[in-house]
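Each chain, written out:
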Amino acid sequence: MAQSFTTTYSGITLSPITDVQISEVFDPRAGGTHPPAFPFKAIWDTGATHSVITENVVKKLGLAPISKRESHTGGGVVNADVYLINLILPNRVEVVGVPAACLPIQGMDALIGMDIIVRGDFAITNHNGVTKLSFQMPSTHDIDFVRNPDSFKKRIPKPGRNDPCPCGSGKKYKHCHAA
């Protein structure tokens, strides 16, 4: 069953940020008690191959590194520690076993990269001056605005012959645009 959420921003945003919770790695299917998850802010970045957490997250969760990874950043190539975490997105959408490098992020505690985004369907819309970010996991259908341009249009029922014409002329539909 797919898990999903949608976040709406006031106005157009160039930096889609969501509230997330992060815990040390835990497989909820194995039973037992889920370790504590703490709230953080995360930015979605389709230009990042892997997800990232900051030193603040590492310290708050008391994490130990599992490996190192060469990470390409704006400041150059860095050999960063990697930690295994669970990422809990809005609406309790949980991503289990995320290997996240520890790197500084300006004003954020986490960065959600393509390693998470490709696990499902990700869309950003900017309709009527409002940005919405939607994500569902796993993917349940194909989204193709070119091949299926009408699949996402709002369905408006056809007016009855004696209904007012939706063009606003004041005439009955049968005497206006149905003619």
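Enquirer: Quick question: what am I supposed to make of unusual backbone geometry here?
Expert: It is generally the case that most residues other than glycine have a negative phi and that most peptide bonds are trans. With an omega dihedral of -5 degrees, the bond running from methionine 137 to proline 138 counts as a cis peptide bond. In this fold, proline 138 is placed in the segment after strand E10 (130-137). In this model, arginine 92 sits at a positive phi of 60 degrees, which is unusual for a non-glycine residue. The residue arginine 92 is located in the loop between strand E6 (76-89) and strand E7 (93-102) in this model. Owing to a relative accessible area of 53%, arginine 92 belongs among the exposed residues under this scheme.

Enquirer: Mind showing me how you'd approach the nonpolar core here?
Expert: In summary, soluble globular proteins display a tendency toward joint burial of nonpolar side chains. With 28 residues, the main nonpolar core has Val20, Ile22, Trp44, Ile53, Leu87, Leu89 and Ile112 as its most contacted residues. Counting residues per element, this core draws most heavily on E7, at 5 residues. Those residues in contact with leucine 89 that sit more than four places away from it in its chain are Phe5, Val20, Trp44, Val95, Ile112 and Phe135. In terms of nonpolar packing, the next biggest core, distinct from the first, is built from 8 residues, Ala48, Ala80, Ala101 and Leu103 among them.

Thresholds applied
- Residues numbered from 1 in each chain as written.
- Predicted model: local features only at pLDDT ≥ 70, side-chain atom pairs only at ≥ 80, totals over all residues.
- Heavy atoms only, no water.
- Helix = DSSP H or I, 4+ residues; strand = E, 2+ residues; numbered from the N terminus.
- Buried < 20%, exposed > 50% of the residue type's maximum accessible area, 1.4 Å probe, protein only.
- Core = buried A, V, L, I, M, F, W, Y, C linked by side-chain atoms within 4.5 Å.
- Contact = heavy atoms within 4.5 Å.

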